[in-house]
Amino acid sequence: MRASLIFVRDRRFFSPPSSKFLRRRQKSGYPQGNEHYVLGEPPLGIMYLSSVLKEMGHDVSLTDQCHPEYSDDGFVDSLTRERPDMVGISFLSNMCYPAARNLSRKIKAALPTAKIVYGGVFPSINARQIVAAEESVDIVARGEGEGIIRDLAEGFDRLIDIPGITFRSRTGEVVETPEREGIQDLDSIPFPDREAIGINYVASLPLDVPAVIWDRAYTSIVSSRGCPFGCTYCNCPTFSGRKCRARSAGNVLQELEELDRKGYGAFTFVDDNFLLDPERVTEICNGMVARGHDFRWACEGRAEPKVNGVFEKLSTAGCDLVMFGIESGSQRVLNGMNKKTKIHDIEQAVSHAKKAGIGIIHGFFIVGSPGETVEEVEQTFAFAERIDINSFNFNSLTAFRGTPLWRDAVDRGLIDEEKDWDKMFPVHSIHPDSIDSRTLFALRSQLVRRLLRRKVIRNPGEAAKVFHRFLQCMSLKDLYLLLTSSKSDSSTQRV
Ligand code: B12
C-alpha cells in the first residue's frame, strides 16, 4: 500500500524562527543540510503511524502543514503524482477542523479513489458527526491509531471487521465498529519516524511572542498514554482512557539513545501526566545520567506531594522546564474543576522544583469558571505571584465536546450539541454564572501586567536571567512585545 500522512495545523501554534536564531544556527547543534526550521511541536501521531506502516513494508510519505513551502494546492498536486491508496489526515483540536475539511475536499476532487482517513483527538471524539456531515471523509479512526492503521493497510474491503473506526457504508449509513482496546504493551510500538518529515522543529514556549528555549535539535516524546484524573475541562481521559498505560523506563531510554545517536539535543515529554509514577521517572532519570546523556528537556505534570522528591533527579538528568497544571489559586474553584489538588501541595511542589534547580517553572492557569468571582480571579493572580513560577499562561475555561464541562453545559441548555458539535465554547461567552467576557478580558490583562511587574521587582536577578536567555534567539523588540502584549482570550507572560 502507498500512504500519504499529513498533520493539519492551526497557524497560531507554530511560527518561523527569528533572523537572530537563524544567524546563531550555524553554531548550534542542528544537523546540517536541512534548512527548514519551525517553532512548533513535531506531529508524533503520524510519525508513529509511519513507523508502523514502514515496518510492514508499505510506502509512506509524511507532510506537516507548518513546512515553510507547504500549500494545499502543492500538496494535492504531489498526491496526483504519488497516487496513494490512502491519505491520512491528522489533527488535534476543533481549531484545525475547517482546514482539514477544506483539504480533504480538494483531495477527494483530485483523487476520488483514494481513501481519506481522519484521526486524532477531535476526530476521535466527533467521528459519527464528521462521517455524517462530511462527504470527503471515508473513515475516521477513533483513539490511538497504530493498530487501526495496521488493519487498514491490509485492505479496505472488510472495514466492518476493524474495531475502532467509523465509516460510511456503500448505502450511505454511518457505521461505527466496536471500541478498540488500548495497546497494553506500549513497548511493542516502533519508535516514531522523525526524520522523513524534513523539518527542524525548534523548542519554544507557547507565548504571545514565541521564545526559543533551546537552540538544539529538538523533538518530543510520549512515554505514557492516558490520565487517571477527571478534570472537568479535559479530554485526555475521554481520548486515551482513565487508565494510564506507560512504556517501561528501559524502552524510553532506548529511544533516548537513538535520539542521542541522531544528534538531538533537546526534547519534551508530551505525556498527559509524565510525573504520575515517580519511581518510573526516577528510573528514566538515573538511566539518562548513567548513559552520560546531555539533553535539555521538559515535561508536564500535576503539582502533588508524591512528586516533590523527584525534582532533584529531573534536574540532575538535564530537565530544564517543568510545566504544572495549576489552574487556580482558589481551592473552591479547583474543587469545582474536580482537579483533586490542594493549594498548599501546589505551593510545595513548585518550591521543591525551584530548589532542585529546574531552569524554568511554568504554570498553566484557567480563569472564567462558572461562579468564579472577581475576587477569586485576583486570588489566583496573587497565588501566581507568591509561588516560584517564572512563566505562566492564563487561558479562559473553554468547553470542548467530550468533556464533563461540555456535557454540563448541554444539560443546562447552554450548548445545542446537534448544531454546534464542532465548536468550542469559552465559558465566559455562554454561562450566566461566569464573569462576562469584557470584564474578564480587562481584568486578566490588567492583572497579568501587574503580575509581570511584581515578579520582576520581587526577583530582578531571576527575571534578568530568563530575559537574557530569551535574548539569545529573540530581538529586543520581540522581548518588549512579549512583555507588553496580552491577547484577548489567553494571556501568556514570562518573567
Ligand atoms: C502536545 C499537545 C499540544 C501541543 C501541540 C502538539 C503538536 N504536535 O502540534 C500544543 C501545546 C501546541 C497544543 C495546543 C493546543 N491544544 Co493540545 N495537546 C497536546 C497533547 C498533550 C499531546 C498530543 C500528542 O502529541 N499526542 C501523542 C500522539 C502520539 O498522539 P496523537 O497525535 O493523538 O496521534 C495518535 C492518535 O490520535 C491516532 N491518530 C492521529 N492522527 C491520525 C491519523 C490517522 C489516519 C489515523 C488512522 C490515526 C491517527 O494515532 C496516533 C498514534 O496513536 C494532547 C493530549 C492528548 N492526550 O492527546 C493535548 C490536546 C490534544 N490539546 C488540546 C487543546 C484544547 C489544545 C489547544 C486548543 C489549547 C489552547 N487553548 O491553546 C491548542 C490547539 C492546538 C491546535 N493546533 O489544534 C486538547 C484537545 C481538546 C479537544 N479538541 O477536544 C487535548 C486533548 C488536551 C486536553 N486537555 O483536553 N497541544
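Bear in mind the structure is a predicted one, so any value in this text is a computation, not a measurement.

Q: Looking at this model, I keep getting lost on the overall build of the protein chain. Mind explaining?
A: Looking only at helices and strands, one finds 19 helices and 21 strands in the protein chain. Counting only C-alpha atoms, the protein chain reaches 65 × 55 × 45 Å along its principal axes. Here the protein chain holds 495 residues, and 57% of them are scored as buried. Of the contacts formed within the protein chain by residues at least 6 apart in sequence, a portion of 75% connects residues at least 24 apart. For the protein chain, the accessible surface area stands at approximately 20400 Å², while carbon and sulfur atoms represent 52% of it. With 64 positive and 66 negative side-chain charges, the protein chain shows a separation of 4 Å between the mean positions of the two kinds.

Q: Just to check I follow, could you spell out the site of the ligand for this structure?
A: Every one of the 36 residues lining the ligand counts as a neighbour, but S90, S93, E146, N235 and D272 are closest to it. In this structure, a nitrogen atom belonging to the ligand sits 2.7 Å away from a side-chain N or O atom of S90. Take S93: an N or O atom from its side chain is 2.8 Å from an oxygen atom of the ligand. Elements supplying a minimum of two residues to the shell around the ligand: α2 (44-55), β4 (86-90), β5 (115-119), α7 (146-152) and α8 (236-240). Of the residues assigned to the shell around the ligand, the class counts are 19 nonpolar, 10 polar and 7 charged.

Q: What am I meant to see in empty space enclosed by the protein here?
A: To locate leftover empty space, one rolls a probe as large as a water molecule over the atoms. Throughout the structure, instances matching the rule amount to 2 cavities of 30 Å³ or more. The calculated volume of the largest cavity comes to roughly 50 Å³. What lines the largest cavity is simply Y48, L186, I189, F191, V222, R225, R247 and N251. Its residues assigned to classes, the lining of the largest cavity shows 5 nonpolar, 1 polar and 2 charged. When its volume is computed, the second largest cavity comes out at roughly 40 Å³. For the second largest cavity, the full set of lining residues is P370, A399, L405, D408, A409, V427, I430 and H431. A total of 3 residues in the lining of the second largest cavity trace back to one element, the largest contributor, which is helix α15 (residues 404-411). Of the residues in the lining of the second largest cavity, the class split is 6 nonpolar, 1 polar and 1 charged.

Q: Would you take a moment to explain unusual backbone geometry for this structure?
A: A positive phi is found at R83, a non-glycine position, where the angle reads about 50 degrees. Inspection of the secondary structure puts R83 in the loop between α3 (72-82) and β4. Phi at N338 is positive, roughly 55 degrees, even though this residue is not glycine. Relative to the helices and strands, N338 resides in the loop between α12 (331-336) and α13 (343-355).

Q: It is not clear to me how the side chain of Q65 should be interpreted in this structure. Could you clarify?
A: As for its placement among the helices and strands, Q65 is situated in the loop between β3 (59-64) and α3. Since its relative accessible area comes to 9%, Q65 is described here as buried. Among the polar contacts made by the side chain of Q65, one reaches the main-chain amide nitrogen of R9 at a distance of 3.1 Å. If we skip the residues at most four places from it in the chain, Q65 touches I6, F7, V8, R9, F14, Y70, D72 and L103.

Q: Just checking my understanding: could you explain the sheet that holds β5 for this structure?
A: Sheet strands associate in pairs through backbone hydrogen bonding, adopting either a parallel or an antiparallel arrangement. Here 7 strands make up an open sheet; going across it, the order is β3-β1-β4-β5-β6-β7-β8 and the pairing mixed. For this open sheet the edge positions go to β3 and β8 (174-176), each flanked by a neighbour on one side alone. Each strand of the sheet is rotated relative to its neighbour by a mean of 20 degrees, with strand direction disregarded. Strand direction decides the pairing type here: β4 and β5, joined by 5 bridges, are parallel. Looking at β5, one finds that M86 is bridged to K115. Running at roughly 170 degrees to β5, helix α4 (residues 97-110) makes contact with β1 (2-7), β4 and β5 of the sheet.

Q: Help me understand the layout of surface pockets in this model?
A: What the second largest pocket holds in volume is close to 280 Å³. Forming the boundary of the second largest pocket are K115, D138, I139, F156, D157, R158, L159, I160, F167, R168, S169 and R170. Residue composition of the lining of the second largest pocket, grouped by class: 5 nonpolar, 1 polar and 6 charged.

Q: How should I be thinking about the packing of aromatic side chains in this particular structure?
A: Geometrically, a pair of aromatic rings is defined through the distance of the ring centres and the angle of the planes. For the structure on display, the rule yields 20 aromatic pairs. When the ring of F91 is compared with that of F122, the centres are 6.0 Å apart and the planes differ by 35 degrees; the resulting orientation is tilted. Here the residue F91 occupies a position in the loop between β4 and α4, and F122 occupies one in helix α5 (residues 121-125), the gap between them amounting to 31 residues. Both residues of the pair, F91 and F122, count as buried. Summarising the aromatic geometry, the rings of Y97 and F122 are spaced 5.3 Å apart at their centres and angled 40 degrees between planes, so their arrangement reads as tilted. You can see Y97 sitting in helix α4 and its partner F122 sitting in helix α5, a full 25 residues away along the chain. Looking at Y97, the relative accessible area reads 2%, which means it is buried. Through a chain of ring-to-ring contacts, the aromatic side chains of F91, Y97, Y118, F122 and W421 assemble into a single cluster.

Criteria and thresholds
- Residues numbered from 1 in each chain as written.
- Predicted model: local features only at pLDDT ≥ 70, side-chain atom pairs only at ≥ 80, totals over all residues.
- Heavy atoms only, no water.
- Helix = DSSP H or I, 4+ residues; strand = E, 2+ residues; numbered from the N terminus.
- Buried < 20%, exposed > 50% of the residue type's maximum accessible area, 1.4 Å probe, protein only.
- Contact = heavy atoms within 4.5 Å.
- Areas by Shrake-Rupley, 256 points an atom, 1.4 Å probe, with all protein chains shown as cover.
- Lys, Arg positive; Asp, Glu negative; His and termini not counted.
- Charge placed at Lys NZ, Arg CZ, Asp CG, Glu CD.
- Near = heavy atom within 4 Å.
- Polar contact = N/O pair within 3.5 Å; in protein donor to acceptor, adjacent residues only side chain to side chain.
- Nonpolar A, V, L, I, M, F, W, Y, C, P; charged D, E, K, R; others polar.
- 1 Å grid on protein atoms, 1.4 Å probe; cavity = no way out; pocket = protein on both sides within 12 Å on 5 of 7 lines; lining within 4 Å.
- Points joined across faces, edges and corners; volume = space filled by probe spheres on them.
- Pairing = 2+ DSSP bridges.
- Axes fitted to C-alpha atoms, helices over the stretch in contact; angles between N-to-C directions.
- Phe/Tyr/Trp six-rings, centres within 6.5 Å; stacked < 30°, edge-to-face > 60°.

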